[in-house]
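Listed below are the residues making up each chain.
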Amino acid sequence: MRYNSTSIWVSRIVSWGQQYVGHPFLAAMLTLGWIPVACSIVAVDPAEATTLFLVGQALACLMVVVAPFDVWYYDERLLPGFFADIDDTVTEAEDETLRRLAERFDTIYSRYWWVTTLPWVALVLLVFVLGQGYFASQGITSQVERTAYLGFFVYWLVFVGLRTHGGLVTVLTIRAFARDVDLEIDPLHPDGLGGLSTIGRFAIRMTLVISLGSLALPLSFQIASHIRYENVVYVGVALFVLLVALNFLYPTYKVNRRAQDLRENMLESRRRRIRSLEARLSESRGDGGDDTADDLLQLEIQRARREYDEYQNVQLYPLSIGIITRLASSILLPIFFILFEFFVSGFL
């Protein structure tokens, strides 16, 4: 079943470029990724800017250079891939529900990206206006330089908004999936997580993409320390940190709660079956029943108990070692750049 009915505008541009260069990453760089680099080169003169500003600007630029590919990857691979992979954890009766959810969130991601981008428009452009004095001290003084730097800010806010949009769509998708779709917990699934690792991979991959926003933290803190209303910058930083946490912790919690309820229902069903079989065996032995039939009942009880133990012992948090490693990386990256600002800046 195909789970990608529409494409966001960035994906359409990248797909157009892919016709000529083949690989989507290269197509993303050549069609859109070069823009922040060009704007930075025009706006910033290394001879006039401080080393700390140049490093911060380079990191902030690096953050969004790869963003067009991130958007393409989420739209064309990650989101539809999640719905394709999750087929293994739902009953056939839920296929239609899954298809409707896929169509709904594919449309939300492709068509309503601007809603999530609007808050960043206000925050980032306000920071640009408030930071004019600081930017002038870094040599961004001519009309051409200011216009080029405004172009960088506009590009930056658009793709930060698109990454934010992807993160929120991820949270909403998993929330709707946990609420509307009947999960199938398979205690013998190769992932050792009852088949739930697909959800964990989906959440952590988007979390890693969002965590790239930490590359902009050094420049953000520099700007905040040189403008009057520094809280405007800190609001943006707080939103970024909240999104990183929300994008993984909430889906993990939501799916685990749903899976816990489902497992409890399965365990209760098997408890009743074991008690029923034990009662039948006890009654048969009391009436001097057939030994062969009693042996079969005993085997049935043992099998039911094994099934009970398998469901009771299955790990329902969609966290494998690989997923936990990637999660730690996404958390450590922002921490590293915060420490970079507070400790390294004193030496530059």
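Preceding this section is the structure that the text describes.
Given the structure is predicted, the values throughout are model-derived calculations rather than measurements. (Residues numbered from 1 in each chain as written. Predicted model: local features only at pLDDT ≥ 70, side-chain atom pairs only at ≥ 80, totals over all residues. Heavy atoms only, no water.)

Participant: Explain empty space enclosed by the protein here, please?
Facilitator: It is a probe the size of a water molecule, rolled over the atoms, that shows where empty space is left. In total, this model carries two cavities of 30 Å³ or more according to the counting rule given. Reported here for the largest cavity is a volume of approximately 420 Å³. Of all the secondary-structure elements, those providing two or more residues to the lining of the largest cavity are α3 (51–65), α6 (113–130), α8 (143–180), α10 (217–224) and α11 (231–286). Ranked by residue count, the leading element in the lining of the largest cavity is α11, at seven residues. Among the residues making up the lining of the largest cavity, the classes are represented as 21 nonpolar, four polar and one charged. Approximately 40 Å³ is the volume found for the second largest cavity. Lining the second largest cavity, in full, are Asp 70, Val 71, Tyr 74, Tyr 109, Leu 162, Arg 163, Gly 166, Met 206 and Val 209. Residues belonging to the lining of the second largest cavity are distributed by class as follows: six nonpolar, one polar and two charged. (1 Å grid on protein atoms, 1.4 Å probe; cavity = no way out; pocket = protein on both sides within 12 Å on 5 of 7 lines; lining within 4 Å. Points joined across faces, edges and corners; volume = space filled by probe spheres on them. Helix = DSSP H or I, 4+ residues; strand = E, 2+ residues; numbered from the N terminus. Nonpolar A, V, L, I, M, F, W, Y, C, P; charged D, E, K, R; others polar.)

Participant: Would you take a moment to explain the packing of α8 against helix α9 (residues 197–211) for this structure?
Facilitator: Angle between the axes and distance between the axes: these two values describe a pair of packed helices. For the pair α8 and α9, interaxial distance at closest approach is 9 Å and the crossing angle is 165°. Overall, the two elements α8 and α9 adopt an arrangement that is roughly antiparallel. Considering only the axes of α8 and α9, their crossing is left-handed. Residue-level inspection shows Arg 163, Gly 166, Gly 167, Thr 170, Thr 173, Ile 174 and Phe 177 of α8 in contact with α9, the latter providing Ile 199, Phe 202, Ala 203, Met 206, Val 209 and Ile 210. (Axes fitted to C-alpha atoms, helices over the stretch in contact; angles between N-to-C directions. Parallel < 35°, antiparallel > 145°, perpendicular 65-115°, else oblique. Left-handed = near helix turned anticlockwise from the far one by under 90°. Contact = heavy atoms within 4.5 Å.)

Participant: Please explain the environment of Leu 30 as it appears in this structure.
Facilitator: Structurally, Leu 30 can be placed in helix α2 (residues 24–43). Considering only alpha carbons, one finds Leu 30 and Gly 17, 13 residues apart in sequence, at a separation of 7.6 Å.

Participant: I tried to follow a nonpolar patch on the surface on my own but got confused; where do I start?
Facilitator: On the surface, a cluster of nonpolar side chains totalling about 530 Å² of accessible area is made up of Trp 16, Tyr 20, Val 21, Leu 26 and Leu 30. Breaking the nonpolar patch down by element, the ones donating at least two residues are α1 (9–21) and α2. Inspection of the secondary structure assignment puts Leu 26 in helix α2. (Patch = residues over 30% accessible without salt bridge, like charges linked within 9 Å, V, L, I, M, F, W, Y side chains within 5 Å. Areas by Shrake-Rupley, 256 points an atom, 1.4 Å probe, with all protein chains shown as cover. Salt bridge = Lys/Arg side-chain N within 4 Å of Asp/Glu carboxyl O.)

Participant: Explain the side chain of Thr 31 here, please?
Facilitator: Tracing the chain through its elements places Thr 31 in helix α2. Within the local environment of Thr 31, its side chain forms a polar contact with the backbone oxygen of Ala 27, the two atoms lying 2.7 Å apart. Setting aside its immediate chain neighbours within four residues, Thr 31 contacts Ile 13, Val 14, Trp 16 and Gly 17. (Polar contact = N/O pair within 3.5 Å; in protein donor to acceptor, adjacent residues only side chain to side chain.)

Participant: What should I look at first to understand the packing of α2 against α3 in this one?
Facilitator: Between α2 and α3, the shortest axis-to-axis distance is 9 Å and the interhelical angle comes to 165°. On the basis of their axis angle, the class for α2 and α3 is roughly antiparallel. Along this stretch, α2 crosses α3, giving a crossing that reads as right-handed. For the pair α2 and α3, the contacting residues are Met 29, Gly 33, Pro 36, Val 37 and Ser 40 in the first and Gln 57, Cys 61, Val 64 and Val 65 in the second. Counted by class, the contact of α2 with α3 contains six nonpolar, three polar and no charged residues.

Participant: Looking at this model, I keep getting lost on α10. Mind explaining?
Facilitator: One full turn of an α-helix is made of 3.6 residues, so residues set three or four places apart face in the same direction. Counting buried residues along α10, eight of its eight residues qualify, which places the element largely inside the surrounding structure. Taken together, the buried positions of α10 are occupied by Leu 217, Pro 218, Leu 219, Ser 220, Phe 221, Gln 222, Ile 223 and Ala 224. (Buried < 20%, exposed > 50% of the residue type's maximum accessible area, 1.4 Å probe, protein only.)

Participant: Help me understand the packing of aromatic side chains in this model?
Facilitator: Aromatic ring pairs are reported here in terms of the distance separating the ring centres and the angle at which the planes meet. Under the defined criterion, the tally for this structure stands at 23 aromatic pairs. Ring geometry for Tyr 74 versus Tyr 109: centroids 4.7 Å apart, planes at 50°, classification tilted. In this pair, Tyr 74 sits in helix α4 (residues 67–85) while Tyr 109 sits in helix α5 (residues 95–111), placing the two residues 35 residues apart along the sequence. The same class applies to Tyr 74 as to Tyr 109, namely buried. (Phe/Tyr/Trp six-rings, centres within 6.5 Å; stacked < 30°, edge-to-face > 60°.)

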